[in-house]
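Residue strings, one per chain:
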Amino acid sequence: MAEDFIQNANDAEIAVEVLIVGGGFSGLCMAIKLREAGMNSFLLIEKSDDIGGTWYDNRYPACACDIPSHLYSFSFDPWPDWSRMYPGQEEIHDYLKRCVEKYELGRHIRLNTRLHEAVWDEKESVWHAAAGEGMRIKARVLVSGIGGLHVPQYPKLKGVDRFAGPKFHSSTWDHSVDLDGKNIAVVGTGASSIQFVPQIAPRAGKLYLFQRTPAWIVPRIDFPIDEKWRRRFRRFPLLMRAFRQYIFWRQEFRVLGFLGNRFVRGKATEIAMRHMQKAISDPKLREALTPKYELGCKRVLVSDDFYPTLTRENVELVTEGIAEVREHGIVTTNGIERPVDVLIFGTGFRATEPLIGIRVVGRGGVEIHDAWRERMSAYLGVTVSGFPNFFLLLGPNTGLGHNSVVLMIEAQVRYVMSCLKLMKHRKKGVLEVRPETQNDFVAHVHRRLQSTVWQSGGCHSWYQDQRTGENTTIWPGSVVAYLRRTHSASPADYELT
Ligand SMILES: Cc1cc2nc3c(=O)[nH]c(=O)nc-3n(C[C@H](O)[C@H](O)[C@H](O)COP(=O)(O)OP(=O)(O)OC[C@H]3O[C@@H](n4cnc5c(N)ncnc54)[C@H](O)[C@@H]3O)c2cc1C
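Below you will find a few notes about this structure. Predicted model only: the values in this text are computed from it and were never measured.

Calculation notes
- Residues numbered from 1 in each chain as written.
- Predicted model: local features only at pLDDT ≥ 70, side-chain atom pairs only at ≥ 80, totals over all residues.
- Heavy atoms only, no water.
- Helix = DSSP H or I, 4+ residues; strand = E, 2+ residues; numbered from the N terminus.
- Rg over C-alpha atoms; globule rule 2.2 N^0.38 Å.
- Buried < 20%, exposed > 50% of the residue type's maximum accessible area, 1.4 Å probe, protein only.
- Contact = heavy atoms within 4.5 Å.
- Areas by Shrake-Rupley, 256 points an atom, 1.4 Å probe, with all protein chains shown as cover.
- Lys, Arg positive; Asp, Glu negative; His and termini not counted.
- Charge placed at Lys NZ, Arg CZ, Asp CG, Glu CD.
- Phe/Tyr/Trp six-rings, centres within 6.5 Å; stacked < 30°, edge-to-face > 60°.
- Lys NZ or Arg CZ within 6 Å of the ring centre and 35° of its normal.
- Near = heavy atom within 4 Å.
- Polar contact = N/O pair within 3.5 Å; in protein donor to acceptor, adjacent residues only side chain to side chain.
- Nonpolar A, V, L, I, M, F, W, Y, C, P; charged D, E, K, R; others polar.
- Salt bridge = Lys/Arg side-chain N within 4 Å of Asp/Glu carboxyl O.
- Axes fitted to C-alpha atoms, helices over the stretch in contact; angles between N-to-C directions.
- Parallel < 35°, antiparallel > 145°, perpendicular 65-115°, else oblique.
- Disulfide = S-S within 2.5 Å.
- Pairing = 2+ DSSP bridges.
- Expected span 1.5 Å × (residues − 1).

## A look at the overall build of the chain
Argument step 1. Secondary structure assignment for the chain yields 15 helices and 21 strands.
Argument step 2. Radius of gyration (C-alpha) of the chain: 23 Å, near the 23 Å computed for a compact globule of 497 residues.
Argument step 3. C-alpha atoms of the chain, sized along the principal axes, occupy 70 × 50 × 45 Å.
Argument step 4. When each of the 497 residues of the chain is scored for burial, the buried share is 54%.
Argument step 5. Counted over contacts in the chain with a minimum sequence separation of 6, partners at least 24 positions apart contribute 72%.
Argument step 6. Of the roughly 21,700 Å² of accessible surface on the chain, a fraction of 51% belongs to carbon and sulfur atoms.
Argument step 7. The positive charge centre, built from 64 side chains, and the negative charge centre, built from 56, are 6 Å apart in the chain.

Given below as structure tokens:
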């Protein structure tokens, strides 16, 4: 990272038009679009010591995207040199760092600066934010790009604090821990776990994989993109765009299965079953790996090496629940204790708990967590009634199970820009979504969800609010439908004052 623009935030008071929180795909996309529009009075604060978000935090072995990067990247900044269909964390992180340089965002970014609190000042119509070590920021507009998958979820395990060996979460991988020949326990079989387990299994003495619920896993079909093709992409940008379009429509088609099309879901289920049966011949293991809910209800995973890894002599899939963690072992509910030297959590993130560790106080002194006591919600996942000039990127019900979320981020940033333009054209300083607009939208999302696999597929997933079981994370439609709805802000939806 170019050190010259990375500063610790000790400037005491800063005033800007727009304050962006988070330096991942969302925050950077917002910053780029503001720059392109010539709106240079903005600041992006990031709590980590580098930009990248997901792609800086997650550095576990074989961490990679599961949507091909020709689509999992900005549409306005295609990259011809992706080394393979699913490049690793480092390559995606490099891509984002290149964006920072290319769009000259450096001087707008403050690293090591966590947002603690933002309070709406009704008299002045500005947000007062407290960040970093005593930094105060005054901003007319507040944009949250803090993502949903960055606060690790740890399972509540009896005795876990007594464990004597190293233990860490996949997103805070401790590379100093020597795994060679060790007895390793991995808790969780989600998207991260199925990427790193095949990498560490050959090095382990014994690897115990504790599975609560099996995932549906389909073939990954990853391959290197050779220099010949990269040259073609460089020379013929239209070819690269066509390739992106092809991937987009291939992914987009899959939404039919999630939305209730039994034929598409049935075909995908057949593919996943065949994929598992091809690698696993032991009937007991097959049974343990066969999900009892419909494909798509939980995130569908992609992997070619996970199932073969489970057939290794030194790997054991443990399906009994964990009763207790001891100093040097894990005891399951059937009383068996397995010796463990290293404990790794592949247990995902606190995805349904919004704005963790941040106080956002809107009109009338209402804190956003109180406003969301029953359900977190936002109009189009972006604006929240009672919170003027506040925009969420990848807010409630705008995650995807079938396509690249970068598409959603871009749609939302375009929408925020249209809100800012609306304010400018109408010469208004404050924009707030009407409560009835937000309520109608939430009711629409709720109705749409009922017939989808996420609500009726017979599973508990991290898409659902733990308290209510309601799906508050996933967009119950196609990306195309979302693009249409967010094309531009309608004045009828907002109070402009
Ligand atoms: C391992 C992994 C693989 C994934 N693969 C895919 C994929 O293939 N396809 C896909 O569509 N999605 C994938 N995702 C989802 C991924 O999170 C999103 O695609 C995308 O990276 C979200 O970008 P973001 O900027 O919204 O959030 P993030 O990348 O999480 O960035 C948010 C940033 O905000 C910062 N932040 C948080 N709180 C504060 C605060 N209080 N103050 C200041 N800064 C703060 C964080 O440090 C972080 O840098 C994956 C997620 C993970 C974890």
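## Things to note about the packing of aromatic side chains
Argument step 1. Under the counting rule described, the total for this entry stands at 25 aromatic pairs.
Argument step 2. Ring geometry for Trp55 against Tyr72: centres 5.7 Å apart, planes inclined by 70 degrees, an arrangement best described as edge-to-face. Within this pair, whereas Trp55 is found in helix 2 (residues 54–57), its partner Tyr72 is found in the loop between helix 2 and helix 3 (89–102), the two being separated by 17 residues in sequence. Side by side, Trp55 and Tyr72 carry an identical accessibility label, which is buried.
Argument step 3. Ring geometry for Phe74 against Phe76: centres 4.8 Å apart, planes inclined by 10 degrees, an arrangement best described as stacked.
Argument step 4. One Lys or Arg, Lys33, reaches over the ring of Phe76 and ends 3.9 Å from the middle of that ring.

## Focus on the site of the ligand
Argument step 1. The immediate surroundings of the ligand are formed by 33 residues, with Ser26, Glu46, Thr54, Asp66 and Tyr72 found nearest.
Argument step 2. Within the side chain of Glu46, a nitrogen or oxygen atom sits 2.6 Å from an oxygen atom of the ligand.
Argument step 3. The contact in question runs from an oxygen atom of the ligand to an N or O atom on the backbone of Asp66, over 2.6 Å.
Argument step 4. The fraction of the free accessible surface of the ligand (980 Å²) that becomes covered by protein chains is 95%.
Argument step 5. Sorting the residues of the shell around the ligand by element identifies helix 1 (25–36) and helix 2 as the ones contributing at least two each.
Argument step 6. Its residues assigned to classes, the shell around the ligand shows 15 nonpolar, 14 polar and four charged.

## A few points about the pattern of salt bridges
Argument step 1. By the definition in use, this model includes 25 salt bridges.
Argument step 2. Residue Glu316 is joined to Arg338 by a salt bridge in which the shortest nitrogen-to-oxygen separation is 2.8 Å. Residue Glu316 is located in strand 13 (residues 315–318), and its partner Arg338 is located in strand 16 (residues 337–339); the two are separated by 22 residues in the primary sequence.
Argument step 3. According to the relative accessible area criterion, Arg338 is buried, its value standing at 8%.

## Structural notes on the packing of helix 5 (residues 227–235) against helix 6 (residues 237–253)
Argument step 1. Taken N-terminus to C-terminus, the directions of helix 5 and helix 6 make an angle of 110 degrees; their axes are 5 Å apart at the nearest point. Accordingly, the angle class assigned to the pair helix 5 and helix 6 is roughly perpendicular. Residues Trp229, Arg232, Phe233, Arg234 and Arg235 of helix 5 touch helix 6, and the partners they reach there are Pro237, Leu239, Met240 and Phe243.
Argument step 2. Across the contact of helix 5 with helix 6, the residue classes break down as six nonpolar, no polar and three charged.

## Some points on the state of the cysteines
Argument step 1. Evaluated as defined, the whole model comprises one disulfide.
Argument step 2. Cys99 supplies the cysteine sulfur nearest to Cys29, a cysteine that is in no disulfide, at a spacing of 9.2 Å.
Argument step 3. The class of Cys29 is buried, set by a relative accessible area of 1%.
Argument step 4. Look at Cys99 and you get buried, because its relative accessible area is 1%.

## Things to note about the pairing of strand 6 (residues 126–131)
Argument step 1. A large share of strand 6 lies buried, amounting to five of its six residues.
Argument step 2. Taken together, the six bridges between strand 5 (residues 115–121) and strand 6 define a ladder with antiparallel strand orientation. Counted as the bridge partner of Trp120 is Trp127 from strand 6.
Argument step 3. Taking the residues that link successive antiparallel strands as the turn, the strand 5-strand 6 hairpin has four residues, and the phi of Ser125 there is positive, at about 55 degrees.
Argument step 4. Bridging between strand 6 and strand 7 (residues 135–144) involves five bridges; their strand directions are antiparallel. Each bridged residue has a counterpart across the sheet, and for Ala129 the counterpart in strand 7 is Ile137.
Argument step 5. Between strand 6 and strand 7, which pair antiparallel one after the other, the connecting turn spans three residues, and Gly132 there sits at a positive phi close to 50 degrees.

## Details of helix 1
Argument step 1. End to end, helix 1 covers 16 Å across 12 residues, agreeing with the expected 16 Å (1.5 Å per residue, within 8%).
Argument step 2. For helix 1, a buried count of 10 out of 12 residues is recorded, marking the element as mostly surrounded by other parts of the structure.

## Digging into the sheet that holds strand 10 (residues 206–210)
Argument step 1. Taken together, five strands build an open sheet; the order of strands is 8-17-9-10-13 and the sheet is parallel. Both edges of this open sheet fall to strand 8 (167–169) and strand 13, since each of them pairs with a single strand only. Averaged over all pairs of adjacent strands, the angle between strand axes in this sheet comes to 20 degrees, irrespective of strand direction.
Argument step 2. Pairing between strand 9 (residues 183–187) and strand 17 (residues 342–345): four bridges, direction parallel. Of the residues in strand 17, the one forming a bridge with Val186 is Ile344.

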